[in-house]
Structure formats: structure tokens, C-alpha cells
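Geometric and topological summary
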Amino acid sequence: MRIKILIGLAGLLPALSQAAEFNGSGVSALWGVPFAGLLLSIALCPLLTPMFWHHHFGKIALGWSLAFLLPCAFIYGAGTAGGGALHAFAGEYIPFIILITSLFVVAGGICVYGNLHGTPALNTGLLALGTLLASIMGTTGASMLLIRPLIRANDNRKHAVHIVVFFIFLVANAGGSLTPLGDPPLFLGFLKGVDFFWTMQNIFPETLFLCTALLAIFYLLDLHYYRNKEEIKPVSLDPTPDAPLRFEGKANFVLLAVIVGLVLMSGFWKSGVVFNVFGVELELQNVVRDVLLVAVIFISLKITPKSAREGNEFSWGPIQEVAKLFAGIFITIIPVIAMLRAGEEGAFASVIRAVTDSNGQPINAMYFWASGALSSFLDNAPTYLVFFNTAGGDAGVLMTRLAGTLAAISCGAVFMGANSYIGNAPNMMVKAIAEERGIKMPSFFGYMAWSCMVLVPLFIVMTFIFFR
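Reference entry: report on the structure contained in this document.

Conventions and cut-offs
Residues numbered from 1 in each chain as written. Predicted model: local features only at pLDDT ≥ 70, side-chain atom pairs only at ≥ 80, totals over all residues. Heavy atoms only, no water. Helix = DSSP H or I, 4+ residues; strand = E, 2+ residues; numbered from the N terminus. Rg over C-alpha atoms; globule rule 2.2 N^0.38 Å. Buried < 20%, exposed > 50% of the residue type's maximum accessible area, 1.4 Å probe, protein only. Contact = heavy atoms within 4.5 Å. Areas by Shrake-Rupley, 256 points an atom, 1.4 Å probe, with all protein chains shown as cover. Lys, Arg positive; Asp, Glu negative; His and termini not counted. Charge placed at Lys NZ, Arg CZ, Asp CG, Glu CD. Salt bridge = Lys/Arg side-chain N within 4 Å of Asp/Glu carboxyl O. Expected span 1.5 Å × (residues − 1). Arc of directions from axis to C-beta. Pairing = 2+ DSSP bridges. Core = buried A, V, L, I, M, F, W, Y, C linked by side-chain atoms within 4.5 Å. Phe/Tyr/Trp six-rings, centres within 6.5 Å; stacked < 30°, edge-to-face > 60°. Polar contact = N/O pair within 3.5 Å; in protein donor to acceptor, adjacent residues only side chain to side chain. Patch = residues over 30% accessible without salt bridge, like charges linked within 9 Å, V, L, I, M, F, W, Y side chains within 5 Å. Axes fitted to C-alpha atoms, helices over the stretch in contact; angles between N-to-C directions. Parallel < 35°, antiparallel > 145°, perpendicular 65-115°, else oblique. Nonpolar A, V, L, I, M, F, W, Y, C, P; charged D, E, K, R; others polar. Left-handed = near helix turned anticlockwise from the far one by under 90°.

**What about the overall build of the chain?**
Regarding its fold elements, the chain presents 21 helices and four strands. The C-alpha radius of gyration of the chain comes to 22 Å, within 12% of the 23 Å expected for a compact globule of 468 residues. Its C-alpha atoms put the chain at 75 × 55 × 45 Å along the principal axes. Within the chain, the fraction of its 468 residues that count as buried is 54%. Considering only residue pairs separated by 6 or more positions, the chain has 82% of its internal contacts joining residues 24 or more positions apart. Within the structure as shown, the chain displays about 19,600 Å² of accessible surface, and the carbon and sulfur contribution to it stands at 68%. Separation of charge centres in the chain, based on 26 positive and 25 negative side chains, amounts to 6 Å.

Right, dumping it as C-alpha cells:
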């Protein structure tokens, strides 16, 4: 789908030098229909028509993209439509997908063999380790690295559902809250100008509270099950007896460090060199970062033993889905962001008023719950972008005078992505792996029962502590 869209954009290149920005003032909210339609398709189609979605999700994303681009080109000109798409691709989408792919490929090249005995202490320790790793290698990378060893460690136990559920809460979501590497929403913020260490400095207390509380709850629950005399299967029925751990593809740990270094480099090195490509300004440090990240991908593919990727059941399917869907998201979100930036003059003035008090100041609790509610059922990356722009879209202001608002948006988008299976991409991946290993995972609404009982009360407490 990306190729088809880029081919289409190529035909618009002559007009891009005169491209005008899509003006969100005074236009109809109907321009947001393609974005809403794509997000609803992502949320509902895998549940209602899974086979159709599996084979045609790229075409669906392309269809919603054209539902914006073609009317935009007809009404406002090819320059506005093509220029907006080119800005979205070159400035945000391409850097975003390169980073996600590099983390996916490198983490997918590290295979953990062997088995440990799944006691409450060990399980809590593995969850804590995964939570820490998630901010370094991304929620997807940490989830893919640790979910199989955790399941093997507990495959001799009667109750394992709660282990996977809390793994989704912690490793696939909350653990990725401290750096732009951790979760896609935060990397989009980084691309918008948020400092690399801003989230670590500003939402560490919220992250510590949530993760510590979840680990404590998990330990007590796991201990309750573990003390049951019928919980542990006889040794003869243990499908994977205890064995020492060993890693294959260890060179990828070095490549993970390289990825971290390259992202840090692009944040701290201000070269002052800017390339103007059809009106899109590309800074030298960002170009260097992206080129070297692509090199890391090829190096990982070259040096990783085939058996390591086979052990992880590595495939390109998940990243292809992310690439195609986010291509559509970054295009269809163009008018939404423009209308939000228009403030009271835009079609979404009611959204601005809902999260703003009578004095025009943001209500941080509303930002936390609004960004979180949407992140629970729609992808949390575009949700972050929507509320980032609702709050003004100026990274400098949001990191300083409105730091509490940016913290609320960041926490809502990252933490509440755990409220449902579709809130964050790793959730469904972890669920699928667990079911392949014979764990009968809760249904869509069964999982939400877990999140409502465990997560929502914690979010309510967090509101009164951090977002008053």
C-alpha cells in the first residue's frame, strides 16, 4: 500500500512547490470521517470479519486514505493533498516505521532457550525485568523476548491466564512509558520535538506507582494460586522440564545499544543543516539516524543465526500490518490535526472546550481520561497525536508551561492502551502466542473485565494523586 501511495504522490511532485497547508478553520468535521473510519476498521474488523481483515487490511487502509486525498485534491488542489501527504510521510511516518522495524527485527533475533521454575517470586521478577526492558527495546521487543520464556516457566501450572494478563498490563504497555523507544506514541512526541528524557523526568512517579502496584497485586494473586495443592502438575506431566537459560543471537544486544545511541544522537546533536525536499525540511541528524537504523536492520538480518529467528517464530506479518495501517493513519489524520490546531475556529471546538476550563486552561484529568479512553479501543499512537495537537501542538510549551498536560496525555495513551486487546499492538501478539501454547485466554470482554477490576481503580487513584 505504501508503494501505491508513493507512486501516486510522485505524480503530484511538480505541484508540491506551491503546496498550501490544509487549513482547519471553518471546514466541516466530515473531513475527519476517513480517520474515524480507519480507526473503527482497525478496532472492529479483526473481531467481526477476521479472515477478510487478514487478507485485505492494506486495501482498507488505502481506501480510507484515498477517501481523504481525492476530495482534498479536487477541492483544494493537488498541491495541498500531495504536499500534506508528503510532509506526513517524510517528516513522521518514515522515521516512525524505521525505528519500529529496527526494534522488531533486532529483538526478534534474540532467542531465549531453557526453562525456569515458575514460582511467584520468579514470575514477578520476570515481569519486573520486562517492564524495565520495555522502555529500552520497546513494548513489542520486550514482549516478544520474554513472553515465551515466561509461558514455558509456568506450563506445569493449572492457572496461567493471570500471568499473561499482567504481562500485557506491564510489559506490553506500562513499561514503555519512560523513553521514546518504549511506545510508539512517545516516539511520535519525540519527532514533534519532545526531549528524549522528558518523559522519564516527568512521568516517572506515575509509572513507578502503577507498575509497583501491579507487581504487588500480581505477586499476591500468583501466590494465592501457587499455594493450591492442585496447582502444580506432576513432574512427569511437565512439558518443558527445568533447564539452564541460554541466549542465541546475542550480538543483537549490541545492536539494541546502537539503536538507543542513534536515537539519542538525533536528539542531542543539532547540526543546523537542513535539506528542503519539495517543501519538507529534513534535518541532517535525523537523516543520519534513519539511514543508520536501516543499516542496523540489514546487519541484524545478516548476522543472526537462522535458528534464533525460527525459535522466536519470527515473521514479517506483524510489522507489515503496522506499516500499512500507519501509512493510512498518518494520511487520514492530516485534516483532524488541522482542525484541532484551529482551536475554537475548528470543527472540533467542542473537544477543546471539554478539556479546557472557563479560564482557557487545560484540565489535566480530562486529558488523562480522554486520551486514555480512546487509547483503550483505538491505536494509542494516533490518539496521542490527536490530544497533543488539542493541547496546542507546541512541544516547547507542552514540556514547560503545560508539562502537567503533556504528562496526562502521555500517561493516558501509554497506560490505558492495556484496557483492551486492541489498545496497543503487542496486546494481540501476546494473546496469540499464549493461545498457541495452549493457554485459554479471556475473550475480548473477558479481558476487559480484568482491566476494569485491576487497572481502572488504579487509574482513578492516579487521577486524584497526579492529575488534580
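Having seen the structure, we can now continue with the description.
**Quick look at the pattern of salt bridges**
Applying the stated criterion to the full structure yields five salt bridges. Residues E435 and K431 are paired through a salt bridge, measuring 3.0 Å at the closest nitrogen-oxygen approach. Linking E435 with K431, this pair stays in helix α20 (residues 425-436), spanning four residues, or about one helical turn. Classification of E435 as partly exposed rests on a relative accessible area of 37%.

**Let's talk about helix α11 (residues 251-268)**
Relative to the 26 Å expected for 18 residues at 1.5 Å per residue, α11 spans 26 Å between its end C-alpha atoms, a close match to the ideal helical length. Among the residues making up α11, those that are buried are N252, L255, L256, I259, V260, L262, V263 and S266. Across the axial projection of α11, the buried residues extend over an arc of 155°, all falling on one side. Turned more than 90 degrees off the buried face of α11, the exposed positions are V254, A257 and F268.

**Observations regarding the pairing of strand β4 (residues 280-283)**
Examined bridge by bridge, strand β3 (residues 274-277) and β4 share four bridges and lie antiparallel to one another. Bridge assignment links V274 to a residue of β4, and that residue is E283. The turn joining β3 and β4, which pair antiparallel and follow one another in sequence, is formed by two residues; a positive phi near 55° is taken by F278.

**Details of the nonpolar core**
Counting 141 residues, the largest nonpolar core has L127, F169 and L214 as the members making the most contacts within it. The leading source of residues in this core is helix α14 (residues 317-341), at 16 residues. Apart from residues lying up to four places away in sequence, L214 is in contact with F166, F169, L170, V454, L455 and L458.

**Looking at the packing of aromatic side chains**
Scanning the model with the defined rule gives 30 aromatic pairs in all. Here the aromatic rings of F104 and F314 are separated by 5.2 Å at their centres, their planes lie at 40°, and the arrangement is tilted. Taken together, the residues F104 in helix α5 (residues 78-107) and F314 in the loop between α13 (306-311) and α14 connect sequence positions 210 residues apart. For F104, a relative accessible area of 10% puts it in the buried group. Measuring from centroid to centroid gives 4.4 Å for Y421 and Y447, while their planes differ by 25°, and the two rings are stacked. Placement of the pair is Y421 in the loop between α19 (403-415) and α20 and Y447 in helix α21 (residues 444-466), with a sequence separation of 26 residues.

**A look at the environment of C72**
Secondary-structure assignment places C72 in helix α4 (residues 50-76). The exposure class of C72 is buried, given its relative accessible area of 0%. As for C72 and L292, which are separated by 220 residues in sequence, their C-alpha atoms are 35 Å apart. Every residue in contact with C72, bar those within four places of it in the chain, is listed here: F22, W31, G77, T80 and A81.

**Examining the side chain of N154**
With respect to the element layout, N154 can be found in the loop between α6 (120-153) and α7 (161-170). Residue class for N154 comes out buried when judged on its relative accessible area of 4%. Side-chain polar atoms of N154 contact the backbone oxygen of L150, separated by 2.8 Å. The residues contacting N154, other than those within four sequence positions of it, are G118, N123 and I163.

**Here we look at a nonpolar patch on the surface**
Together, L40, L44, L47 and L48 make up a nonpolar patch on the protein surface, roughly 390 Å² of accessible area in all. Looking at the element boundaries, L40 is found in helix α3 (residues 33-48). Looking at L40, the relative accessible area reads 48%, which means it is partly exposed.

**Some points on α19**
Compared with the 18 Å implied by 1.5 Å per residue over 13 residues, the 18 Å span of α19 between its first and last C-alpha is a close match. Most of α19 sits inside the fold, with twelve of its 13 residues counted as buried. Within the span of α19, buried status applies to A403, T405, L406, A407, A408, I409, S410, C411, G412, A413, V414 and F415.

**Remarks on the packing of α4 against α5**
Contact pair α4 / α5: the axes reach a minimum separation of 6 Å and the direction vectors enclose 140°. When the interaxial angle is binned, α4 and α5 end up oblique. In contact with L69, C72, A73 and Y76 of α4, α5 contributes A78, T80, A81 and A85. When the residues that make up the contact of α4 with α5 are grouped by side-chain class, the tally is seven nonpolar, one polar and no charged.

**Regarding the packing of helix α17 (residues 380-390) against α19**
Where α17 contacts α19, the two axes come as close as 9 Å, and the packing angle between them is 160°. Between α17 and α19, the interaxial angle falls into the category roughly antiparallel. Every pair of crossing elements has a handedness; the one defined by α17 and α19 is right-handed. For the pair α17 and α19, contact is made by N380, Y384, F387 and F388 and by L406, I409, S410, A413 and V414, respectively. By residue class, the composition of the contact of α17 with α19 is seven nonpolar, two polar and no charged.

**Focus on the side chain of K431**
A relative accessible area of 16% means that K431 is categorised as buried. Setting aside residues up to four positions removed in sequence, K431 forms contacts with Y421, M441 and P442.

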